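# Breakdown of the fold
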Amino acid sequence: MSEIVLKINGAQVEVKAATTATLAEVLREELGLTGTKMMCNEGECGACTVLINGEPILSCMTLAIDAQNKDILTIEGLADPVTGRLHPIQKAFVERSGMQCGVCTPGMILTAKAFLDENPDPTEEDVRHALSGNLCRCGNYRRITECVLDAAEKMKTGEKDEK
Amino acid sequence: MTPPKVLTARSVEEAVSLLSEYGEKAKFVSGATDLLMQLKRGEAVPECLIRLGEIRDLDFIKYDETGGLRVGALTTIVEIANSPLIRGKFSILAQAAGMLGTPAVRNQATLGGNLCNAAPSADTAPPLLVLGAKAKIVGKEGEKIVPLEDFFVGPGQTILGQDRLLAEIQVPNILAHSGGAYLKQKRRQGADLAVVGVAAWVVMGRKVLNDVKIALGAVAPTPIRAKKAEGILRGRKVDPELLEKSGQAAAGEASPIDDIRGSADYRRELLAVLTKRAITEAIQQAEGR
């Protein structure tokens, strides 16, 4: 066992875990952050994706001790912490039925967030490529892609409104 | 299964010293995308894991005109795929890095991990073999530079043994009128291990191919050069007949196996086709340079 300090969704947490525990195990089993899903548990499906320093990584393929001193964002931390307002990608998934069984959804949304942060004006092909590591067992890819494209539009116009 | 003890190395020296202390009971870990899979499956559970991730001076991409390219072993695959320098001058390597795993895996996996796990299908290996890469290896007795061609011993096995670490990969500067291509056949568009991977590299003369190198992935116990296929083309003017011969030769040099991704026969068929295509694309790139 080792003492691990993680920075998750802006808050510092200390947790005791096996030295070889994966980040996914610590998030779900030690911290109760079950928004992060574990499906294949071998790096194939992308359901366990979280963002580390803004980049998507597979939490089932990451040692929790390697995630120390980094900013971890899970799906629980994506909505505005003060107002609770959903992120535009989350909103698009709700409004356009981007989820069916929901298991791939947190990973899809976080992967899409990291992607749109760097590519605000993507084509459908770009989105499909960015999400290629996230499998949807319901086969809802068409709608998921539409949701991300829709969110990209909203995020662009949203920025204009603020200016 | 007893979970391994986890140690953290903060310098290359410390890593080497820890490894020589624990010997075959220890294993290095960086991005952990391959290692965690082995642990979860109960394959090769070491007594001790030595974390390398905090050794900052093995994470770099450097270039100069005389020395060529140097990439630290702990450089992530995404850094290689996105590096403007590698994309420009050593595009075949960036191309292969961009085809490895999924976007999330590329954010974690490192060049050293991809090479040291020594999977026959390792995507970065064929491009580095045709680029004439060398490996800088550090051990108790000091450091040495070996051709990457001599680095792989068998599936999952390298020359590193129990007391040495791969520190960096060095690639000589590219020649004028050269070009390369890496083709990876997968079962689907998204992430998958290669059924077959072919890297080709050519240097164009006035009328003939001054030089050519071909390397193959996922069709032998290690990534290999296809030297007979190269010999057929070297110094010759390329025509469809010669390309066909070269592709057939590459297929003959491989020793593929039947597995879940494809049969040995299918892999040989693919090799013949992909070798021709890779050479053709490499020539096109060389002519455009």
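Residues numbered from 1 in each chain as written. Chains lettered and ligands numbered in written order. Predicted model: local features only at pLDDT ≥ 70, side-chain atom pairs only at ≥ 80, totals over all residues.

Residues and elements named next belong to chain A. Across the interface, helix α2 (residues 88–95) lies against helix α3 (residues 105–118) with an axial gap of 9 Å and an inter-helix angle of 135°. One element, α2, and the other, α3, form an angle in the oblique class. Of the two possible hands of crossing, α2 and α3 adopt the one that is right-handed. Counted together, Ile89, Gln90 and Phe93 of α2 and Thr105, Ile109, Ala112 and Lys113 of α3 form the full contact between these two elements. (Axes fitted to C-alpha atoms, helices over the stretch in contact; angles between N-to-C directions. Helix = DSSP H or I, 4+ residues; strand = E, 2+ residues; numbered from the N terminus. Parallel < 35°, antiparallel > 145°, perpendicular 65-115°, else oblique. Left-handed = near helix turned anticlockwise from the far one by under 90°. Contact = placed C-beta atoms within 7 Å.)

A word on the pairing of strand β5 (residues 68–72) of chain B. Residues and elements named next belong to chain B. Here strand β4 (residues 61–64) pairs with β5 via 4 bridges, running antiparallel. By the bridge assignment for β5, Lys62 is matched with Arg70. In this structure, the hairpin formed by β4 and β5 is closed by a connection of 3 residues. Inspection of the sheet shows β5 paired to strand β10 (residues 164–171) by 4 bridges, in the antiparallel sense. Looking at the pairing, Gly72 lines up with Glu168 of β10. (Pairing = 2+ DSSP bridges.)

We now examine the sheet that holds β5 of chain B. Residues and elements named next belong to chain B. Taking strand neighbours across the sheet as the criterion, the 5 strands line up as β4-β5-β10-β6-β7 in an open arrangement whose pairing is antiparallel. Either end of the sheet is taken by a strand with one partner, and the two such strands are β4 and β7 (142–147). Recorded for the sheet is a direction-independent mean angle of 25° between the axes of neighbouring strands. Lying on the sheet, helix α1 (residues 12–22) is in contact with β6 (134–139) and β10; it crosses β10 at an angle near 135°.

Right, let's talk about the interface of chain A and chain B for a bit. One widely used convention gives an interface's size as the accessible area the parts lose upon coming together. Each partner contributes residues to the interface: chain A has 21 residues there, and chain B has 18 residues. Ranked by residues supplied to the side of chain A that touches chain B, first place goes to strand β4 (residues 55–58) of chain A with 4 residues. In the side of chain A that touches chain B, the residues fall into 8 nonpolar, 10 polar and 3 charged. (Nonpolar A, V, L, I, M, F, W, Y, C, P; charged D, E, K, R; others polar.)

Turning our eyes to something else, we now look at α1 of chain B. Residues and elements named next belong to chain B. Where α1 is concerned, the buried positions are Ala15, Val16 and Leu19. Seen from one end, α1 has its buried residues packed into an arc of 95°, which puts them on one side. The secondary structure elements touched by the buried residues of α1 are β2 (26–29), β3 (48–51), β6 and β10. Positive backbone phi, approximately 60°, marks Gly23, located one or two places after α1. (Buried ≥ 20, exposed ≤ 12 C-beta atoms within 10 Å, placed from the backbone. Arc of directions from axis to C-beta.)

Turning to the environment of Gln157 of chain B, a few remarks are in order. Residues and elements named next belong to chain B. By the secondary structure assignment, Gln157 is in strand β9 (residues 157–158). Residue Gln157 is classed as partly exposed on the basis of its C-beta count, with 14 C-beta atoms lying within 10 Å. The spatial distance from the C-alpha of Gln157 to the C-alpha of Pro120 is 10.0 Å, given a sequence separation of 37 residues.

On to the nonpolar core, then. Residue and element names in this part refer to chain B. Leu93, Val198, Ala199, Ala200, Val202, Ala250 and Leu271 are the most contacted members of the largest nonpolar core, which has 147 residues in total. Per-element tally for this core: the top contributor is helix α11 (residues 264–288), with 9 residues. Sequence-distant contacts of Ala199, that is, excluding residues within four places in its chain, are made with Ile92, Pro126, Pro127, Leu129, Val130, Gly180, Tyr182, Ala215 and Ala278. (Core = buried A, V, L, I, M, F, W, Y, C linked by C-beta atoms within 7 Å.)

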